[in-house]
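Letter by letter, the chains look like this.
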Amino acid sequence: AQSVSQHNHHVILSEAASLELGCNYSYGGTVNLFWYVQYPGQHLQLLLKYFSGDPLVKGIKGFEAEFIKSKFSFNLRKPSVQWSDTAEYFCAVNAQSGGGADGLTFGKGTHLIIQP
Amino acid sequence: DAMVIQNPRYQVTQFGKPVTLSCSQTLNHNVMYWYQQKSSQAPKLLFHYYDKDFNNEADTPDNFQSRRPNTSFCFLDIRSPGLGDAAMYLCATSRTAVEKLFFGSGTQLSVL
């Protein structure tokens, strides 16, 4: 079974600072990788995903993530954060198996607070 | 417009009293999931349906059951809720098992 670890449970940054949230997964096979975001009082929504191809993927709101297979990592980045980026961020993995895929396994989440 | 709808938004039940949470979708997606999320923890997959095929996670307690009478609806039944079952229950859908999930707003379950 796959597992996901997110290194930071709480991150506090000032506006315009650069952001990098770490995510590592454990699984020996082919995976699909996701970052989901949950803004206060809202439901989970997809930020970006990686299935195959270019390991640097770009998502909504200026976020990007880089899949580094050798490090089993899929870190989320944003060059300049805004106050509205305050939210909970979840990394998730979907392991491909038998032509289909298992359900998503989520990391514990990183609570990001952006100070004005 | 809401595409994955969960009712109710808040549910209070008594210890041991059966409770059912509902989820409906307007996306006509093949896959429907139920996740349990406790405070400060990751959403944990309980089970999912691919069409009518039910897939139970190995560590999902027998106390949790699910029904999917048609494409649009999926129910989570907790036969005898314990205090440890208090959590946010998230329903999600996806067109296929490898595509992104669309989440509902969740049902916050309290057990008294």
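1. Points about the packing of aromatic side chains
This structure, assessed with the given rule, holds 17 aromatic pairs over all chains. Aromatic pair Phe106(A) and Tyr35(B): ring centres 5.3 Å apart, planes at 85°, arrangement edge-to-face. Of this pair, Phe106(A) sits in strand E12 (residues 105–106) while Tyr35(B) sits in strand E4 (residues 31–37), each in a different chain. A single burial state applies to Phe106(A) and to Tyr35(B), both of which are buried. Of the aromatic side chains, those joined through ring pairs into one cluster are Phe34(A), Tyr36(A), Phe51(A), Phe90(A), Phe106(A), Tyr33(B), Tyr35(B) and Phe103(B). Here the guanidinium or amino end of Lys49(A) rests over the ring plane of Phe51(A), the centre of that ring lying 5.8 Å away. Across the ring face of Tyr10(B), the terminal group of Arg9(B) is positioned such that the distance to the ring centre comes to 5.2 Å.

2. A word on the state of the cysteines
Per the counting criterion, the structure on display carries two disulfides over all chains. Covalently, Cys23(A) is tied to Cys91(A) through a disulfide, its sulfur atoms 1.9 Å apart. Disulfide Cys23(A)-Cys91(A): the torsion about the S-S bond is -65°, which places it as left-handed. Placement of Cys23(A) in strand E4 (residues 23–26) and of Cys91(A) in strand E10 (residues 87–97) is noted, with a sequence separation of 68 residues between them. Across this residue pair, the class does not change: Cys23(A) and Cys91(A) are buried. The thiol sulfur of Cys74(B) is not disulfide-bonded, and the nearest other cysteine sulfur, from Cys91(B), lies at 6.0 Å.

Cut-offs applied
- Residues numbered from 1 in each chain as written.
- Chains lettered and ligands numbered in written order.
- Predicted model: local features only at pLDDT ≥ 70, side-chain atom pairs only at ≥ 80, totals over all residues.
- Heavy atoms only, no water.
- Phe/Tyr/Trp six-rings, centres within 6.5 Å; stacked < 30°, edge-to-face > 60°.
- Helix = DSSP H or I, 4+ residues; strand = E, 2+ residues; numbered from the N terminus.
- Buried < 20%, exposed > 50% of the residue type's maximum accessible area, 1.4 Å probe, protein only.
- Lys NZ or Arg CZ within 6 Å of the ring centre and 35° of its normal.
- Disulfide = S-S within 2.5 Å.

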